[in-house]
Amino acid sequence: MSTKILEANETIKVENPKKASEKLFDDLNALPEVKTRTRKQFLLILNLLSLFFIGIFLARVPYIGSYPDAYIFEFLFGNTKYILYIFLLIWSIFKIFSLRIVRLFTTKRFILGYVLLIIGLLLTFAIIQKHFLSTDIEVNLKSYMEGFTNWANNTQNQVYHHFFPNIWSPESESFIDAGIIGTLLVIAWAYIATVLLGLAALILIVLSFSIFLRRKNGRIIIFFKKWLIHLLGGDLYNHVYDELSVKKHDVSPIIHQSTQIQKEANKIGQLTPPISFLTDTSIDSYYDNKNQAQKFEQTISKFLKKIEIDASCQNIVVMPQYVEIIFEIANVQGIDEILKNQNQLLTILKIDRFNISRKGNIVMFEIPNKTISKISIRQIFNTTKIEQNDKSIVGLTLENTPLQLDMKKNHNILIVGKRGSGAAMLLTVLLISYAYINPPTNVEYILLSLIGDKTLKSFDNLPHMLTPTLNNFEACINKLHQVMDEMKERENKFKDAGAKTLEDFNRFQSNPHSKLKKIILVISGFDNLLRNSLQNLEILHNILKQGPELGINTILLSINVNNELLEPKIYELIDVKFVLQLESEHESLKIFDNYRGLQLYGNGDGYCFEGENEKIRFQTCYLNINELTEIIRIIATFYKTKDQIN
C-alpha cells in the first residue's frame, strides 16, 4: 500500500513490484559497462571451448575425443552422429561470431542453410570419391587412415588397461556395458586424468584464437563473418542495442528498380525523389488501441466508484505507444485513495504498469498499449507540406499532428536517451528525411561517432557525405579542427561579400559552383569528446556559437546525462532538445526536475524542448535497417543521375 502523495504537476509511475525488479535486472544487464564486456568475453571463451571439444570428439582424438564419440554420440545416434557434429559445429561458430543468445533452431534461414550445407558436403564427398579415390591417392589415404586407426586403438587399449584392469580384456576386447549411465561413469574416471593433461595447452589455444578474432578484423574476415551469419539467419551487428534491427511484424520496404528511379530523375522539374518511392511501413493499431482504452476507462470508472470517488471521464487520447485517459475528480483528496489502492487497480486492469499525474482536480492515467502503432516517414510526408531546405521529420505529437524540425530556426540540436530509447532512430530519421528532400549540392554531412554507432555507417553510401563516418577518437578531433578551418574560410568569404548568413552569401553568387553548402555536423557520444578536455570544449563551443551564421548545423547525441552534457557553455547554445527515456532518476532530475524522463516508454517516446518553456510530447517515426538501406539507395541513385544530367 502506497503512502505517496501525488502533488500537482507531478507524475508517478505505478508498476507491479515483481515486473519492476525484472525490468531493473534487464536494464542493468543492458548497460554497456565492464560487467557486460566481461560477460561477452566469458561467452566467447565458452563457445570457443565448445567448438574445440566438438572438433576433438569428431576427430576421435585419443584420451579426450574417442570415448565421448564412441559412448555418447555413436551409442545415442549411431552413424547419424556426423550430421549432429556438423550441426553443432555450425551452431558454435554462429555463437562465436554473433555473441547473441538466440533460439537458432527456430530460424528458418538457419535450418535451410544447414540443409544446404549438408547437401553440399555430401556432393563434395561424392565427387572426391568418384574422381580421386580410385587413383594413387586412395592408397596413400588408406595407408594413412590405417596408421591413424592402429595408433588410436593402441592408445585406447593402453588407457583401458591402465585405468580399468579389472574390467578390460585386450584379448576379447570386451568391457562391462552398464548402459549410458554406467558408461558415462567409466568415461568420467578417465577424464580426471586426460583432461587435466591437456588443460594448459587448451588454455593457450583458446586465448590465442580469442586474440586473433579480436585483432584480425579486416575486410575479408568481416565479409566472411557477415556472409556466414546472414546465411544462418543472423546479423553481425544485430544485438540488443540495435534500435534499427528488423522486428517480426515489420513491413518490408518496396524495392524499386534502378531504372525506375533514374527515369524519375530524368524528368524536368523533379528536383527530389518522389514520395511514392517511400514505403508506407506504418502499422496502424489506432482503433484497436482506442477500443482497449475505452475498456480501460470503463474499468477505472467502476474502480473509482467502488472506492467512493466521484469522477467523470473528460477525454481519451490515443498515442502509438500509450493511451491517456483523463478524469476530473470532484474531491482532490480522492487521489490519495487511488494511490493507496494502486496494486488493486493494476490487477483489475491486467497490466504491469501505468503513469498517473494530476493538474488541480484533473487526473491523467497513462497506460501502455498492448499493440504498438508505428509511424513511417512516408506517413508524415503525405500529411504535411515539406518545404525545400527547411524541414526535417521527427514524428507525431500528443495531438496526433506531424512534428517537424525547422532546420533554419534550430541550428544546434541535442538528443539524449539511453540505449533502446529510440535516440539513434530519431537521429537517423532526422538525417535521412533531410537528405531525401535536399540534393547533395545544397547540404553535406559530417558524421562523427564516439560510441560506435553501427547505424551511422549506413550513411556512407549517401552522396551527401563529405567523408565516411569516423569513429576513431583522433580522427574525430582532426575533423573538428578541419571544421574550424572551414569556418574561418567562410567567415572571410562572408566578409568580402558583405553577407551575414549562408542564404545571403549564396544569393550574391552568380556562378552556381561558387555557392556554399549547408553542413550538418553530427557528433554521437559528444560527451566523450569533452571529458577532461578544455581544448575540445572550446572547439565545440566555437562551432556551436559561430556555426549557425556560417551555415553549419550541429546535432549532438548522448546516451548519458552527465556533467559534460550539461556543461553551461554547451547546453546554453542548444536551440532544441529531444529527451527520450533516460537511465536513472538522477538523470531525469537533471533534465526535467522530476522523474518524467524515467517514465517514458522507450522506442521513440520522448519530449521536444523548444525555447524556454515549450515542451512537446512526441513519438518518433519508426525505421528499420532494411528500410534505411532502401531509402539510401533511392537517394543515391536519384541524385547521382541528376548530377550526370547536369
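All values reported here derive from a predicted model rather than from experimental measurement.

How would you explain the sheet that holds strand 10 (residues 518–524) if you had to name every residue and give the values?
The 9 strands lie next to each other as 7-6-14-13-12-8-11-10-9, forming an open sheet whose pairing is mixed. What marks the edges here is a single partner per strand, and that holds for strand 7 (402–406) and strand 9 (443–449). Each neighbouring strand pair of the sheet contributes to a mean axis angle of 30°, computed without reference to strand direction. Where strand 6 (residues 391–397) lies against strand 14 (residues 614–620), 3 bridges are found, and the strand directions are antiparallel. Within strand 14, the position partnered with Gly395 by the bridge is Thr620. The strands that helix 15 (residues 423–436) touches are strand 6, strand 7, strand 8 (412–416), strand 9, strand 10, strand 11 (552–558), strand 12 (576–580) and strand 14; relative to strand 6, the one it contacts most, it runs at about 135°. Along the sheet, helix 16 (residues 473–497) contacts strand 9, strand 10 and strand 11; its crossing angle with strand 9, the most-contacted strand, is approximately 150°.

Could you give me a rundown of the confidence of the model for the chain, with the residues and numbers involved?
Interpretation of this model should avoid reading the predicted coordinates in detail wherever pLDDT is low. Looking at the chain, pLDDT values average 75 and 67% of them are 70 or higher. Confidence over residues 135–141 falls short of pLDDT 50; this stretch has 4 contacts with residues more than four positions distant or in other chains. Low pLDDT (under 50) marks residues 214–219, which in the prediction has 5 contacts with non-local residues, meaning those over four places away or in another chain.

So what's going on with the environment of Leu49? Residues and values would help.
Tracing the sequence through the fold places Leu49 in helix 2 (residues 34–58). With a relative accessible area of 26%, Leu49 lands in the partly exposed category. Between the C-alpha atom of Leu49 and that of Ser92, which follows or precedes it by 43 residues, the distance is 9.3 Å.

If you had to explain the pattern of salt bridges to someone new, which residues and values would you point to?
Close approach of charged atoms lets side chains of opposite charge pair. On inspection of all chains with the given rule, the structure shows 17 salt bridges. Between Arg617 and Glu366 there is a salt bridge, and its shortest N-O distance comes to 3.0 Å. Here Arg617 is found in strand 14, whereas its partner Glu366 is found in strand 5 (residues 362–368), with 251 residues between them in sequence. With relative accessibility at 6%, the residue Arg617 sits in the buried group. What you see here is one network of salt bridges that share partners, running through Glu366, Arg596, Asp605 and Arg617.

Give me the pairing of strand 14: which residues, what numbers.
Counted residue by residue, strand 14 has 5 buried out of 7 residues, so it is predominantly covered. Bridge analysis of strand 13 (residues 605–610) against strand 14 gives 6 bridges, and the strand direction is antiparallel. Within the sheet, the bridge partner assigned to Glu610 lies in strand 14 and is Glu614.

Reading the values: the criteria
Residues numbered from 1 in each chain as written. Predicted model: local features only at pLDDT ≥ 70, side-chain atom pairs only at ≥ 80, totals over all residues. Heavy atoms only, no water. Pairing = 2+ DSSP bridges. Helix = DSSP H or I, 4+ residues; strand = E, 2+ residues; numbered from the N terminus. Axes fitted to C-alpha atoms, helices over the stretch in contact; angles between N-to-C directions. Contact = heavy atoms within 4.5 Å. pLDDT = per-residue confidence, 0-100. Buried < 20%, exposed > 50% of the residue type's maximum accessible area, 1.4 Å probe, protein only. Salt bridge = Lys/Arg side-chain N within 4 Å of Asp/Glu carboxyl O.

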